Amino acid sequence: MLRWLIGGGREPQGLAEKSPLQTIGEEQTQNPYTELLVLKAHHDIVRFLVQLDDYRFASAGDDGIVVVWNAQTGEKLLELNGHTQKITAIITFPSLESCEEKNQLILTASADRTVIVWDSDTGRQVQRISCFQSTVKCLTVLQRLDVWLSGGNDLCVWNRKLDLLCKTSHLSDTGISALVEIPKNCVVAAVGKELNLSFVTGSHIGELIIWDALDWTMQAYERNFWDPSPQLDTQQEIKLCQKSNDISIHHFTCDEENVFAAVGRGLYVYNLHMKRVIACQKTAHDSSVLHIAKLPNRQLISCSEDGSVRIWELREKQQLAAEPVPTGFFNMWGFGRVNKQASQPVKKQQENATSCSLELIGDLIGHSSSVEMFLYFEDHGLVTCSADHLIILWKNGERESGLRSLRLFQKLEENGDLYLAV
């Protein structure tokens with residue numbers, strides 16, 4: 001049985017902070033991405049990237065085409081043409097272990113009110129679904145149930161043979177904007193909100209909620225990201241602002257310890273055990289942060305509407321007893337309320353607790369317009385897509401130099417020139 005939840009929206013309201021943008025010099029000793037390869041195939045905004053395997057990825061956007069690339073060489077492998085309008089969602093549908101055909105499928109939704117299923121190896125159009133009454137805004141796969149879901153004005157469940165298993169009635173004018181799977185064969189759907197993570201939902205109007213997936217109760221809730229109360233003398237730089245983007249949660253991700261949230265132009269690290277923000281960069285970019293991801297070695301990467309891609313490192317620091325604990329962002333009270341007397345020892349303990357900082361270690365400048373999202377390939381570098389119609393493959397310069405030297409020696413050895421030189 002498939003259960004699902006809906007989150008509704010409210011009128012946007014917001015506050016924003018004013019603080020200087022952190023910068024880094026030209027000498028970026030900790031930035032490994034010193035080489036870049038520009039890939040050209042699209043003629044409109046490239047909004048989506050999806051990883052197919054260890055060396056391939058696909059890109060899609062407003063020109064309605066899907067391009068499959070080699071992440072190692074930047075070679076264009078396939079171009080998939082079939083949609084007549086912009087692509088609004090893309091996912092992969094992995095093959096089952098029991099299936100004889102191991103071909104991975106690509107599913108794309110478009111403003112032309114169709115969903116097309118593609119064979120990622122051949123580029124062949126497997127099937128087109130054209131029964132939608134509105135644009136499909138999001139797609140997700142429930143691998144354990146071997147079904148996939150489409151969300152728009154309706155929520156539909158499909159099997160691998162593309163049979164419609166069930167469908168909801170009309171939800172609202174805004175429709176479903178995001179879907180995510182959580183345990184026990186359940187799905188959370190966002191209506192008029194953005195939601196990107198199991199157990200946690202975030203919105204464009206300054207709300208972040210942590211849910212209990214067993215009984216669907218709300219464990220922590222924060223409505224406003226900036227606390228305008230007058231007693232916060234340490235945050236006088238916070239000003240009232242009419243722009244809802246300044247408090248919008250555009251994207252977030254997590255690991256076992258922290259939730260990493262992109263809010264407005266800033267980045268925040270919320271610790272699930274301490275139930276508080278342990279690090280933040282209030283102005284990480286000049287414009288809204290659109291996408292973030294956690295890298296190995298306690299690193300974080302973010303991209304923005306300002307066209308930049310930045311690498312951050314989460315570093316521990318001993319917080320001074322006199323330094324106030326950050327409370328203005330999520331301001332979550334954790335799992336259950338406590339009275340004022342009981343909270344005093346906790347507050348004192350937090351003042352002496354180990355906090356962290358987000359230090360800028362790399363600034364990747366290559367795009368001339370908004371960077372929509374990125375993919376991280378551990379061995380092949382970083383891939384970014386942008387409103388400038390370009391895809392950039394960022395390479396580890398040291399690694400690429402070593403590979404070139406290795407290939408040179410191999411070629412010399414094959415031709416016998418290496419022994420002649422010796």
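Residues numbered from 1 in each chain as written. Predicted model: local features only at pLDDT ≥ 70, side-chain atom pairs only at ≥ 80, totals over all residues. Heavy atoms only, no water.

Okay, the overall build of the protein chain next. Regarding its fold elements, the protein chain presents three helices and 33 strands. Expressed as a percentage of its 422 residues, the buried residues of the protein chain come to 50%. When contacts within the protein chain are restricted to residue pairs at least 6 apart in sequence, long-range pairs at least 24 apart make up 53% of them. A total of about 20,900 Å² of accessible surface is found on the protein chain, and carbon and sulfur atoms cover 49% of it. (Helix = DSSP H or I, 4+ residues; strand = E, 2+ residues; numbered from the N terminus. Buried < 20%, exposed > 50% of the residue type's maximum accessible area, 1.4 Å probe, protein only. Contact = heavy atoms within 4.5 Å. Areas by Shrake-Rupley, 256 points an atom, 1.4 Å probe, with all protein chains shown as cover.)

It is worth spelling out the sheet that holds strand β6 (residues 66-70) at this point. Taken together, the four strands give an open sheet; going across it, the order is β4-β5-β6-β7, and neighbouring strands pair in antiparallel fashion. One side of each edge strand has no neighbouring strand; the edge strands of this open sheet are β4 (46-51) and β7 (76-80). Shown here is a sheet whose adjacent strand axes are inclined to one another by a mean of 20°, direction ignored. Pairing of β6 with β7 involves four bridges; the strand directions are antiparallel. Within the sheet, the bridge partner assigned to V68 lies in β7 and is L78. (Pairing = 2+ DSSP bridges. Axes fitted to C-alpha atoms, helices over the stretch in contact; angles between N-to-C directions.)

With respect to topology, four strands assemble into an open sheet ordered β8-β9-β10-β11, the strand pairing being antiparallel. Bordering the open sheet on either side are β8 (87-93) and β11 (125-129), each of which pairs with just one other strand. Geometrically, the sheet is characterised by an average inter-axis angle of 15° between neighbouring strands, direction not taken into account. When strand β9 (residues 105-110) meets strand β10 (residues 115-119), the two strands line up antiparallel, connected through five bridges. The partner of L107 across the bridge, within β10, is V117.

A word on the packing of aromatic side chains. Counted by the stated rule, this structure contains four aromatic pairs. Between the aromatic rings of F57 and W69, the centroid separation amounts to 6.5 Å while the plane-to-plane angle is 20°, which identifies the pairing as stacked. Remark: W69 occurs in strand β6 and F57 occurs in strand β5 (residues 56-61); sequence separation between them is 12 residues. Like W69, F57 is buried. Taking 6.1 Å as the distance between ring centres and 55° as the angle between the ring planes, the aromatic pair formed by F57 and F377 counts as tilted. Pair noted here: F57 is in strand β5 and F377 is in strand β31 (residues 371-377), with a separation of 320 residues, a long-range link. Both residues of the pair, F57 and F377, belong to the buried class. (Phe/Tyr/Trp six-rings, centres within 6.5 Å; stacked < 30°, edge-to-face > 60°.)

Let us look at the pattern of salt bridges. For the coordinates displayed, the defined rule picks out nine salt bridges. Taking the shortest distance from any N to any O, the salt bridge between R47 and D62 comes out at 2.7 Å. Linking R47 in strand β4 with D62 in the loop between β5 and β6, this pair joins segments that are 15 residues apart in sequence. With a relative accessible area of 16%, D62 lands in the buried category. Two residues, D146 and R160, come together in a salt bridge whose shortest N-O distance is 2.8 Å. Of this pair, D146 sits in the loop between β12 (138-142) and β13 (147-151) while R160 sits in the loop between β14 (155-159) and β15 (164-167), placing them 14 residues apart in sequence. Sharing partners across several salt bridges, the network here consists of R47, D62 and E372. (Salt bridge = Lys/Arg side-chain N within 4 Å of Asp/Glu carboxyl O.)

Counting 17 residues, the largest nonpolar core has L107, V115, I129, L139 and W148 as its most contacted members. Elements supplying a minimum of two residues to this core: β8, β9, β10, β12 and β14. In this structure, I129 is in contact with R113, T114, V115, W148, W158 and L162, ignoring residues within four places of it in sequence. (Core = buried A, V, L, I, M, F, W, Y, C linked by side-chain atoms within 4.5 Å.)

Take unusual backbone geometry next. Backbone geometry at D146 places phi at a positive 55°, although glycine is not the residue there. Overall, D146 belongs to the buried group, its relative accessible area being 18%. The phi torsion at L162 lies on the positive side, around 70°, for a residue other than glycine. Summarising the element assignment, L162 is placed in the loop between β14 and β15. In this structure L162 comes out as buried when scored by relative accessible area, which is 12%.

Before going further, it helps to examine the state of the cysteines. By the definition in use, this model includes zero disulfides. No disulfide involves C303; its sulfur sits 7.6 Å from that of C385, the nearest cysteine. With relative accessibility at 0%, the residue C303 sits in the buried group. (Disulfide = S-S within 2.5 Å.)

As a further point, take the environment of L393. In this fold, L393 is placed in strand β33 (residues 390-396). Taking the relative accessible area as the measure of exposure, L393 reaches 0% and is therefore buried. In sequence terms L393 and L382 are 11 residues apart; their C-alpha atoms lie 5.8 Å from each other.

It is worth spelling out the confidence of the model for the protein chain at this point. On average, residues of the protein chain carry a pLDDT of 76, and 66% of them reach 70 or more. Summarising per-element confidence for the protein chain, the mean pLDDT is lowest in strand β22 (residues 238-240) (37) and highest in β6 (97). Contacts for the low-pLDDT stretch residues 328-343, under 50 throughout, to residues beyond four places or in other chains number 37 contacts. Across residues 346-353, confidence stays below pLDDT 50; counting only partners more than four residues off in sequence or on other chains, it has 14 contacts. (pLDDT = per-residue confidence, 0-100.)

It is worth spelling out the environment of Y376 at this point. Looking at where Y376 falls in the secondary structure, it is placed in strand β31. For the pair Y376 and W394, spaced 18 residues apart in the sequence, the C-alpha separation amounts to 9.7 Å. Not counting chain neighbours up to four residues away, the residues in contact with Y376 comprise Y33, Q51, L295, P296, G381 and L382.

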